[in-house]
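Each chain is listed here by its residues.
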Amino acid sequence: MHLKHKYLSIWTKFLLPKHSKNSMRHYGNKCSGDDQIGYLNWALETNLQDWSILKNNILNKPGVMNEKNVDGVIIKTMVRNRKLDSALSFANHLKSVNLNLSMGATNGILSLYYEMAKEKPLSEPEKQFILSTYNDLYAKFQVLDFTTAEILLHALCAIDDWKKALKVLNDIKVSGTPSHSAYSTLIGTLFRNNKEKEAMMLISNSLSDLRPLQHYVYKEWIEYIRRKYKSKDKILKNLEKISLHISANFAVISEKAAVEIKKNYLSLGWRADFVKIDKKSFQCLCCNDTLKCFKLTKEEFELLHKNIKDKLIIGSDLFLKTSPKEIQSFMSFVDRTAPYDIVLDALNIGYTLGKSSNIDRMGFLKTVVDHFNRQNKRILLLGRKHMLRWHNKSLEYLMSKTCSFFTEDISQDDPFFITAAILSGPHTDIVSKDLLRGHKFMLKDQVLKQIFQRWQWEHQWKVFLAGKRFTIQPPLQFTPCAQKNQEGWHLPFERVTVDDKGLLHDGIPDYDSWLCIRPNNVK
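Bear in mind the structure is a predicted one, so any value in this text is a computation, not a measurement.

Some remarks on the sheet that holds strand β8 (residues 469-473)
Logical step 1: In spatial order, the strands read β5-β4-β3-β6-β7-β8; together these six strands make up an open sheet with mixed pairing. Taken across any chain shown, the strands that pair with only one partner, and hence form the sheet edges, are β5 (403-407) and β8. On average, adjacent strands in this sheet sit at an angle of 20° to one another, irrespective of strand direction.
Logical step 2: Inspection of the sheet shows strand β7 (residues 460-466) paired to β8 by five bridges, in the antiparallel sense. Residue pairing for β8: Leu-465 is matched across the bridge by Phe-470.
Logical step 3: Here helix α17 (residues 324-337) sits on the sheet in contact with β4 (379-384) and β5, set at roughly 170° to β5.

Shown next, in the form of structure tokens:
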């Protein structure tokens, strides 16, 4: 054994806590694969605090850590495992022995300070480290890489330096879309620093980038309102802006945000309850109000009709996957055969059966076609050309009962399917289990996006097969978004929010998770 390694082994024996002998034996039993990570996790469990010994032992074991990345991996692992005291001790050790920290170690320390600031204010040296890191990075690089920028933004928000954080956010946009956390952390920081105008502008940017707000924003927004306004009426008026935001953007808030909103309304003498919505009557089981269905107006549908062809066909990347000739053929077909009552997404319906045979898929399609034929509906069946090989006899039957168009196999059939339905007219419904999220997001204009979502809720049928039982679910009879009724609100929320990223409503209402808020004089 090398003399250095021999002494390290002896030192480790004496430095380990007395209870560690069994733990070390346990570590030896469970450590297969990456010995370094296994040893590091064991050391954290046993609270080993001699950082020189820890690093040397790690570097003398097999694994991916080396002299360049070991510091960063250690501190990030500590922060991830919520060993913040150990991480702080290790960070202070690194700063005392290294004049030039690695980028990994620097990012790890920034992440640590962000987490620490959630529990107590940072010390002046810790704040100065964040500012010095900001200055050093921008002295060295004109634009920061995505990961470093995200971490630095969070650290700057921990010390309320929102101006520098805004600059970093713009750097993130150079190489990608800022995360939910980056947007929400900065927006919350702006509210915490009473910068309402800047916060509202950034909320708009966040939603445009498909980043719904996290719980933290609602918490800071509410606290800002309670700081700024003292009269009950003004507080209530400004709290309603939050409900209006949730409604206008079809947002589903997290349960944490719902609890925060409920608590504040209760403190103002209002009634606030977590409620269920009756699936048949669409009534709130607490106040008995019925949730409404906000159907598209004639003007709204005409706006959607006017824009949808350019946005989903010409304005998308569809030309990369099909040909102008196919698009022209399809548009000529629609002009010749529309209007329809029902447009079927044939491939989506067929694959409702999962791994069944193509004959069974055709049989299921026949069941769906027969269902609407019995109602004398005019049907467009839209599929892909490989379906023409599924089963000739069934195919002949389907084509005799419907108008049919089959796209090339490499084409995206959803834009054709949506376009056919909307160009057909305001009465046309669609049948598909696809949530069509991607196509809604192609509509960059916020008003168009909301109109498309409401059109989908109003016109989409879904088919299911449970065992041998065929079920067809009609379009929603209410609009599953935040609604104002009798001076109060019903707000949908999501109970399961592991990462609290924020959600956009996808058209599947949860009838059991709503917040009903109303004045005390309203039952």
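Having seen it, we continue.
Topic: the packing of helix α11 (residues 180-192) against helix α12 (residues 196-208)
Logical step 1: Interhelical geometry of α11 versus α12 gives an angle of 165° and a closest axis separation of 8 Å. Judged on the interaxial angle alone, α12 and α11 are roughly antiparallel. Relative to α12, α11 is oriented so that their crossing is left-handed. Between α11 and α12, the residues in contact are Tyr-183, Leu-186, Ile-187, Leu-190 and Phe-191 and Glu-196, Glu-198, Ala-199, Met-200, Leu-202, Ile-203, Asn-205 and Ser-206, respectively.
Logical step 2: Residues of the contact of α11 with α12, tallied by class, amount to nine nonpolar, two polar and two charged.

Here's the deal with the nonpolar core
Nonpolar side chains in soluble globular proteins tend to end up buried together.
Logical step 1: Membership of the largest hydrophobic core comes to 85 residues, with the highest contact counts inside it found for Leu-54, Leu-112 and Ile-261.
Logical step 2: Counting residues per element, this core draws most heavily on helix α9 (residues 146-158), at seven residues.
Logical step 3: Once you skip the residues sitting within four places of it in the chain, Ile-261 turns out to touch Ile-222, Ile-242, Ile-246, Ile-253, Leu-491, Leu-515 and Ile-517.
Logical step 4: Counting 25 residues, the second largest nonpolar core, distinct from the first, contains Phe-333, Ile-418, Ala-421 and Ile-430.

Examining the pairing of β7
Logical step 1: Both strand β6 (residues 429-431) and β7 contribute to a ladder of two bridges, which runs parallel. Considered in β7, the bridge of Val-431 is made with Trp-461.
Logical step 2: Where β7 folds back on β8, the antiparallel hairpin that results is connected by two residues, among which Gly-467 adopts a positive phi of roughly 70°.

Observations regarding the pattern of salt bridges
Logical step 1: Tallied over the entire structure, the rule returns 16 salt bridges.
Logical step 2: Across the pair Lys-118 and Glu-115 runs a salt bridge whose closest N-O atoms are separated by 3.3 Å.
Logical step 3: Classification of Lys-118 as exposed rests on a relative accessible area of 52%.
Logical step 4: Looking at Glu-115, the relative accessible area reads 15%, which means it is buried.
Logical step 5: Salt bridges sharing common partners tie together Arg-82, Glu-115, Lys-118 and Glu-119.

Here we look at the confidence of the model for the chain
Logical step 1: Mean pLDDT over the chain works out to 85, with 86% of the residues at or above the 70 mark.
Logical step 2: Counting interchain partners and residues more than four positions distant, the pLDDT-below-50 stretch residues 1-33 has 28 contacts.

Here's the deal with the side chain of Ser-243
Logical step 1: Along the chain, the position of Ser-243 falls in helix α14 (residues 232-248).
Logical step 2: We classify Ser-243 as buried; its relative accessible area is 1%.
Logical step 3: Ignoring anything within four residues of it in the chain, the contact list for Ser-243 reads Tyr-265, Ala-482, Trp-489, Leu-491 and Ile-517.

So, α17
For an α-helix, 3.6 residues make a turn, and residues three or four places apart therefore share a direction.
Logical step 1: Over its 14 residues, α17 extends 20 Å from the first C-alpha to the last, a length consistent with the 20 Å expected when each residue adds 1.5 Å.
Logical step 2: Every buried residue of α17 is listed here: Glu-326, Ile-327, Phe-330, Met-331, Phe-333, Val-334 and Thr-337. Mapping the buried residues of α17 onto a view down its axis gives an arc of 155°, with all of them on the same face. Counted as exposed and oriented over 90 degrees from the buried face of α17: Pro-324, Lys-325, Gln-328, Asp-335 and Arg-336.

The rules behind the values
Residues numbered from 1 in each chain as written. Predicted model: local features only at pLDDT ≥ 70, side-chain atom pairs only at ≥ 80, totals over all residues. Heavy atoms only, no water. Pairing = 2+ DSSP bridges. Helix = DSSP H or I, 4+ residues; strand = E, 2+ residues; numbered from the N terminus. Axes fitted to C-alpha atoms, helices over the stretch in contact; angles between N-to-C directions. Contact = heavy atoms within 4.5 Å. Parallel < 35°, antiparallel > 145°, perpendicular 65-115°, else oblique. Left-handed = near helix turned anticlockwise from the far one by under 90°. Nonpolar A, V, L, I, M, F, W, Y, C, P; charged D, E, K, R; others polar. Core = buried A, V, L, I, M, F, W, Y, C linked by side-chain atoms within 4.5 Å. Buried < 20%, exposed > 50% of the residue type's maximum accessible area, 1.4 Å probe, protein only. Salt bridge = Lys/Arg side-chain N within 4 Å of Asp/Glu carboxyl O. pLDDT = per-residue confidence, 0-100. Expected span 1.5 Å × (residues − 1). Arc of directions from axis to C-beta.

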